[in-house]
Amino acid sequence: MGGDDYGPSPPIAPLPSPSPCRESLRGLDWFIFFLADVQTGFGPFVAVYLTTQKWTQVEIGFVLSIGGIVALLGQMPGGAIVDAARSTKLVAGAAVLTICFCALGYAAFPVFPIVVTAATLHAMASCVLGPAIAAVSLGLVGPLRIGERLGRNARFASLGNGVAAAVMGTCGYYLSSRSVFVVTFLLALPTLYALSRIRARDIDAAQAHGATAAQTEGHTAVRFRDLVRQKALLIFAAAVLLLQLANAAMLPLMAGVVTTRSADWAPVLIAFCIVVPQAIVAATSPTVGRKAQQWGRRPLLLLGFAALAIRGLLFATVTDPYVLVAVQLFDGVTAAVFSVMIPLIVADLAFGSGRYSLALGIVGTATGIGAALSTVLAGLIADHFGAPLAFIGLAGVAALGLFLIWAIMPETRRCGAT
């Protein structure tokens, strides 16, 4: 694999991994945990809340679509902002405050102009937060230890999502759907406190942006057009697009099947289908990060795609709604692999470019495109030919992604990573 084929490959080794203090690492853990709590409030709770405010489904759909479009278009600009920032902590803190005030806007003024503005600002802030967390992580531990750190990030994000769903669901049931957004706003306090525990001096600013030891303050980062010419980055972005094209529609489609076959138990079964993968991610993500350093990236990518393809085939053939919940174990495998592998492989490919967050934005754009197409195409197939054929089609897309990784995706692990 040469520099002409896969982008710039600096002749120097990666920087020695820094040794951040325990306080900074714990601060990052809890920042991710509470941030997951904050973000959970903007999931399905938005539709529920706006429905209670007598909004029409057309109006709700418009607001959700606005957020989705902004999130898709903002991936690369969000990454560029993080790369350009002197302090990734400051960017992350500003994004958290923006999201929390958006939540307050939902709760206090559920009128169309305010809600549309809040949805737009929330989507824009989210486009910055993902790259900012990855950049802080890379700046704290360096390229040789980033795999296990990303696994730990995924664990705390999954735990935060699970706890938040339970807390906010309880608040929504016993208090009101409006209370979910008040809780989201209040969660800014522990989130920002956890962020403040990450010491700025522990974050290597150059490494956070994917710089190398040879790069000085006057060095110009790789240009965008040079970054997108890296074949390995484009191949990986295509693989992630196929991943989302195969994965995004599976759970909604399966939820419809379960509701048809067992309407009374559908809410409970679907809840289990969400919780089971999150539990697997929380339990196994750090192990995925360690194995990525030991085995390389490609074996785990193949495992993730294989699990997704098997899941699609089982959804097409299994009829017992309770067994369908067990099939979600495969979703946990895929989620655990890719929650770590996406930022990790982008860190490999962006090494030496100074454009780590922008590269994450490129892959994030592919993620959004794949997810948007998945639900539309799977819905059309299911309506015309039935859900089993739709699941088989999604499994076929996953198999295509597996072939792409096996046939042309290079191993990206850097020499010296152990």
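All of the points below concern the structure found in this document. (Residues numbered from 1 in each chain as written. Predicted model: local features only at pLDDT ≥ 70, side-chain atom pairs only at ≥ 80, totals over all residues. Heavy atoms only, no water.)

This brings us to the overall build of the protein chain. Of regular secondary structure, the protein chain possesses 19 helices and 0 strands. Within the span of the protein chain, comprising 418 residues, buried residues form 51% of the whole. When the accessible area of the protein chain is evaluated, it comes to approximately 18200 Å², of which 69% is carbon and sulfur surface. (Helix = DSSP H or I, 4+ residues; strand = E, 2+ residues; numbered from the N terminus. Buried < 20%, exposed > 50% of the residue type's maximum accessible area, 1.4 Å probe, protein only. Areas by Shrake-Rupley, 256 points an atom, 1.4 Å probe, with all protein chains shown as cover.)

A positive phi angle, near 70 degrees, is found at Lys54, a position not held by glycine. Mapped onto the fold, Lys54 is located in the loop between helix H3 (44-52) and helix H4 (57-73). You can call Lys54 exposed: its relative accessible area is 74%.

Next up on the list: helix H13 (residues 231-247). Between its terminal C-alpha atoms H13 stretches 24 Å, which fits the 24 Å expected from 17 residues at 1.5 Å a residue. Among the 17 residues in H13, 12 count as buried, and that is most of the element. (Expected span 1.5 Å × (residues − 1).)

Summed over the entire model, instances satisfying the criterion amount to 12 aromatic pairs. Each ring, one from Phe33 and one from Phe34, has its centre 5.3 Å from the other, and the planes form 85 degrees; the classification is edge-to-face. Every member of this aromatic cluster is reached through a ring pair, and the members are Trp30, Phe33, Phe34 and Phe156. (Phe/Tyr/Trp six-rings, centres within 6.5 Å; stacked < 30°, edge-to-face > 60°.)

Another aspect to go through is the nonpolar core. Soluble globular proteins tend to bury their nonpolar side chains together. Within the largest apolar cluster, 123 residues are counted, with the highest numbers of intra-cluster contacts made by Phe31, Tyr106, Phe236, Met341 and Phe391. For Met341, the residues in contact, after removing those within four places along its chain, are Phe236, Val288, Ala292, Arg297, Leu300 and Leu301. (Core = buried A, V, L, I, M, F, W, Y, C linked by side-chain atoms within 4.5 Å. Contact = heavy atoms within 4.5 Å.)

Right, let's get into the pattern of salt bridges. Across all of its chains, the model carries 8 salt bridges by this definition. Glu23 is paired through a salt bridge with Arg199; the nearest N and O atoms lie 2.8 Å apart. Taken as a pair, Glu23 in helix H2 (residues 22-40) and Arg199 in the loop between helix H10 (188-196) and helix H11 (205-208) lie far apart in primary sequence, 176 residues in all. When its relative accessible area of 24% is taken as the criterion, Glu23 is described as partly exposed. Ionic pairing is found between Asp331 and Arg311, a salt bridge with its closest N-O pair at 3.4 Å. Here Arg311 lies in helix H16 (residues 298-317) and Asp331 lies in helix H17 (residues 321-350), a separation of 20 residues in the sequence. When its relative accessible area of 12% is taken as the criterion, Asp331 is described as buried. Salt bridges linked by common partners bring Arg26, Asp29, Arg149 and Arg152 together as one network. (Salt bridge = Lys/Arg side-chain N within 4 Å of Asp/Glu carboxyl O.)

Here we take up a nonpolar patch on the surface. A cluster of nonpolar residues, Ile369, Leu373, Val376, Leu377 and Leu380, forms a patch on the protein surface that exposes about 410 Å² of accessible area. Mapped onto the elements of the fold, Leu380 is located in helix H18 (residues 356-385). (Patch = residues over 30% accessible without salt bridge, like charges linked within 9 Å, V, L, I, M, F, W, Y side chains within 5 Å.)

Time to look at the side chain of Gln293. As for its placement among the helices and strands, Gln293 is situated in helix H15 (residues 266-295). Reaching out from Gln293, the side chain makes a polar contact with the backbone oxygen of Leu144 at a distance of 2.8 Å. (Polar contact = N/O pair within 3.5 Å; in protein donor to acceptor, adjacent residues only side chain to side chain.)

Let us now look at helix H7 (residues 112-141). Compared with an ideal rise of 1.5 Å per residue, which puts 30 residues at 44 Å, H7 spans 44 Å between its outermost C-alpha atoms and is within 8% of the ideal. When you tally the buried positions in H7, you get 21 out of 30 residues, the bulk of the element. Remark: Gly142 follows H7 within two positions and exhibits a positive phi of approximately 85 degrees.

Time to look at the side chain of Thr412. Note that Thr412 resides in the segment after helix H19 (387-408). Thr412 gets classed as buried once you look at its relative accessible area, which sits at 6%. Polar contacts involving the side chain of Thr412 include one to the side chain of Asp348, which spans 2.7 Å. When neighbours within four sequence positions are excluded, Thr412 is seen to be in contact with Arg297, Ile345, Asp348 and Leu349.

Okay, the packing of H2 against H7 next. The N-to-C vectors of H2 and H7 enclose an angle of 160 degrees; their axes lie 12 Å apart at closest approach. Here H7 runs roughly antiparallel to H2, going by the angle between their axes. Where H2 crosses over H7, the two elements pack in a sense that is left-handed. Along the contact surface, H2 presents Ser24, Leu25, Leu28, Phe31, Ile32, Leu35 and Gln39, while H7 presents His122, Ser126, Leu129, Ile133, Val136, Ser137, Leu140 and Val141. Counted by class, the contact of H2 with H7 contains 10 nonpolar, 5 polar and no charged residues. (Axes fitted to C-alpha atoms, helices over the stretch in contact; angles between N-to-C directions. Parallel < 35°, antiparallel > 145°, perpendicular 65-115°, else oblique. Left-handed = near helix turned anticlockwise from the far one by under 90°. Nonpolar A, V, L, I, M, F, W, Y, C, P; charged D, E, K, R; others polar.)

Read these as geometric descriptors, not functional statements.
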